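Listed below are the residues making up each chain.
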Amino acid sequence: MRLSEDQAAARDRALALLKRAGVDVPNAELLPESEGEGQTFAILGRAGSGKTALLAELVEGVVEAGVELVSGDYESKAAKTRRTVAILAPTNKAASVLRRHGLPATTIHRILYTPVYAPEYEAVAAWLAGDGERPDLEDVTPAALDRALAFYRVNRSIPAALASIGLRGSDFIQGWKRRDDPLDIGFVDEASMLDERQLADLREIFSTLFLFGDPAQLAPVGGTGRMALEELPESSVTMLRRIHRQEAGNPILDLAHALAEPDLSFEDFEDEIRAAARKDPRVVVRERVDADAMARAPVLVWRNATRIRLIHAFRQAHGAPEMQLLPGEPLICDGVELPARHRKRRMDLEARGLVKGAQAIYLGEGRKPGFSRVHVLGAEDPNVSVATIIQIEAPDQEEPFIPSAAKMGAVFLHGAAVTIHKAQGSQWP
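Asks: Honestly, the overall build of the protein in this entry has me stumped. Any pointers?
Replies: The secondary structure content of the protein amounts to 14 helices and 19 strands. Against the 2.2 N^0.38 benchmark of 22 Å for 429 residues, the protein shows a C-alpha radius of gyration of 23 Å, consistent with a compact globule. Referenced to the eigenvectors of the C-alpha coordinate spread, the extents of the protein come out at roughly 60 × 55 × 40 Å. Residue burial in the protein is summarised as follows: out of 429 residues, 48% are buried. A separation threshold of at least 6 residues defines the contact pool for the protein, and within that pool the share at least 24 residues apart is 61%.

Structure below.
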């Protein structure tokens, strides 16, 4: 891989930290770990600066040196005695972006909480991962096992492989437990989205932590208004400044760079957008929003008032009843509301993709009152029937319309429009 000067400098610093952690990447060998406190190193850069490419090269080198790659799907007993590495992202969506780049990423939640497999399926998981003999099960045919293995070899996901032969998560996962055993090396993408608590959790688990993030993103909602990355000392941060992706005359990157200028006024920026639209078909200025496109990806807006007006207009354009959701309407998960004593249920829902910011599609009412059937985009087992609290806001109304009002469960907002704060980098094409 040809690296720019700033990428090469960041890689050299990362390789030095890995060597201190006992992983000599250039010579592909493991060394004794040096004693001392844990190490955290942040590699920051704007979109297109080559963060993901650098992450991929470092992970490849670590694995070739003999470190075992750990995912949230299943962890072999051998992993407790070997050096380990995990590739993480704050959300399912961000993890799926990495998986599209060929990196077996998982969510932070799936590393903090590990699945407890039913004993008979523990044997299947070990066999798929290459840690055990081929099992002989009454309710799973040899042909089904062959299909699961073929699926796993392509997708590297044990739950997805088991789902491919007709099993549901509740069939083979009995529950979730907080991780007891620490891991060695963690690579975290979209680390700009981390809050202080998540960063503290990660530092507790990983002795060496690499954070990749975009300093231009907005800070996480509900926190101090600062990114957790901003608390790191300057000596633990390196910046990638050269833009690689689509660098040859890309008008959107030009606009992004212009927007970073502190002296740019709103009117000047709008003029630049219109000038770019006249010169390049990739920039489109419209006075009206495409209601069909909103069903596939939300309109990103600054203000809540704009978001609510657009959702109302979207539902009117599609003839949706004022007090009823139609199958196919987009939703965005706003978290899970459950009392503390239901911690196991919360972990189960979050593991199935129902985390803050997850996109979903409403499929219809569930069998029980207060339940809805939803399709969670990007989840390995996407179709879920769950207790839901769905809130549809309307202009000039203080209280939202609530088509599904369970006492507790997954909370959803309408997904036709979303504020920039709720969006994340590379979530939509």
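Next, the rest of the story.
Asks: Explain the packing of helix α5 (residues 119-128) against helix α6 (residues 142-155) here, please?
Replies: Two packed helices can be described by the angle between their axes and the distance between those axes. Relative orientation of the contacting elements α5 and α6 amounts to 45 degrees, with a least axis distance of 10 Å. As the angle between them shows, α5 and α6 are arranged oblique. Regarding α5 and α6, the two cross each other, and that crossing is right-handed. Where α5 abuts α6, its residues V124, W127 and L128 lie against L145, A148, L149 and Y152. Among the residues making up the contact of α5 with α6, the classes are represented as seven nonpolar, no polar and no charged.

Asks: Please clarify how the packing of helix α1 (residues 5-20) against helix α2 (residues 51-64) should be interpreted in this entry.
Replies: Where α1 meets α2, the closest approach of the two axes is 11 Å, and the angle between their N-to-C directions is 30 degrees. One way to sum up the angle between α1 and α2 is to call them roughly parallel. α1 and α2 meet at a crossing whose hand is right-handed. Each of Q7, A10, R11, A14, L15 and L18 in α1 lies in contact with α2, whose residues at this interface are L54, E57, L58 and V62. Residues belonging to the contact of α1 with α2 are distributed by class as follows: seven nonpolar, one polar and two charged.

Asks: What am I meant to see in unusual backbone geometry here?
Replies: Negative phi values dominate among residues other than glycine, just as trans dominates among peptide bonds. At E190, a residue that is not glycine, the phi angle is positive and equals roughly 55 degrees. By the secondary structure assignment, E190 is in the loop between β9 (183-188) and α9 (196-205). Using a relative accessible area of 10% as the deciding quantity, one classes E190 as buried.

Asks: What exactly am I supposed to notice about the pattern of salt bridges here?
Replies: Where charged atoms from two side chains of opposite charge come close, those side chains can pair. All chains considered together, the criterion is met by 10 salt bridges. Notably, a salt bridge pairs E57 with R11, separated by 3.2 Å at the nearest N-O pair. Of this pair, E57 sits in helix α2 while R11 sits in helix α1; the two residues are 46 residues apart in sequence, bridging distant segments of the chain. Residue classification places R11 among the partly exposed residues on the basis of a relative accessible area of 25%. For E393, the salt bridge identified is with R307, shortest N-O distance 3.0 Å. Taken together, the residues span a long stretch of sequence, with E393 in the loop between β16 (383-392) and β17 (401-405) and R307 in helix α13 (residues 304-317) at a distance of 86 residues. The class of E393 is partly exposed, set by a relative accessible area of 22%. Via salt bridges that share partners, R11, D12 and E57 belong to a single interconnected network.

Asks: How do you make sense of the packing of aromatic side chains when you look at a structure like this?
Replies: Both the distance between ring centres and the angle between the ring planes are used here to describe each pair of aromatic rings. Per the stated rule, a full pass over the model turns up five aromatic pairs. Residues Y117 and F172 carry aromatic rings whose centres are separated by 6.1 Å and whose planes lie at 20 degrees to one another, so their mutual orientation is stacked. A residue pair is termed long-range when its members are at least 10 positions apart, and Y117 in strand β7 (residues 113-117) and F172 in helix α8 (residues 169-172) qualify at 55 residues. By relative accessible area, F172 is classed as buried at 2%. Within the aromatic cluster, the residues linked to one another by ring pairs are F41, F187, F210 and F212.

Asks: I would appreciate a short explanation of the environment of V336 in the present structure.
Replies: Along the chain, the position of V336 falls in strand β13 (residues 330-337). Separated by 13 residues in sequence, V336 and L349 have C-alpha atoms that sit 7.8 Å apart. Apart from the residues within four sequence positions on either side, V336 is in contact with R346, L349, E350, L354, G409 and A410.

Calculation rules
Residues numbered from 1 in each chain as written. Predicted model: local features only at pLDDT ≥ 70, side-chain atom pairs only at ≥ 80, totals over all residues. Heavy atoms only, no water. Helix = DSSP H or I, 4+ residues; strand = E, 2+ residues; numbered from the N terminus. Rg over C-alpha atoms; globule rule 2.2 N^0.38 Å. Buried < 20%, exposed > 50% of the residue type's maximum accessible area, 1.4 Å probe, protein only. Contact = heavy atoms within 4.5 Å. Axes fitted to C-alpha atoms, helices over the stretch in contact; angles between N-to-C directions. Parallel < 35°, antiparallel > 145°, perpendicular 65-115°, else oblique. Left-handed = near helix turned anticlockwise from the far one by under 90°. Nonpolar A, V, L, I, M, F, W, Y, C, P; charged D, E, K, R; others polar. Salt bridge = Lys/Arg side-chain N within 4 Å of Asp/Glu carboxyl O. Phe/Tyr/Trp six-rings, centres within 6.5 Å; stacked < 30°, edge-to-face > 60°.

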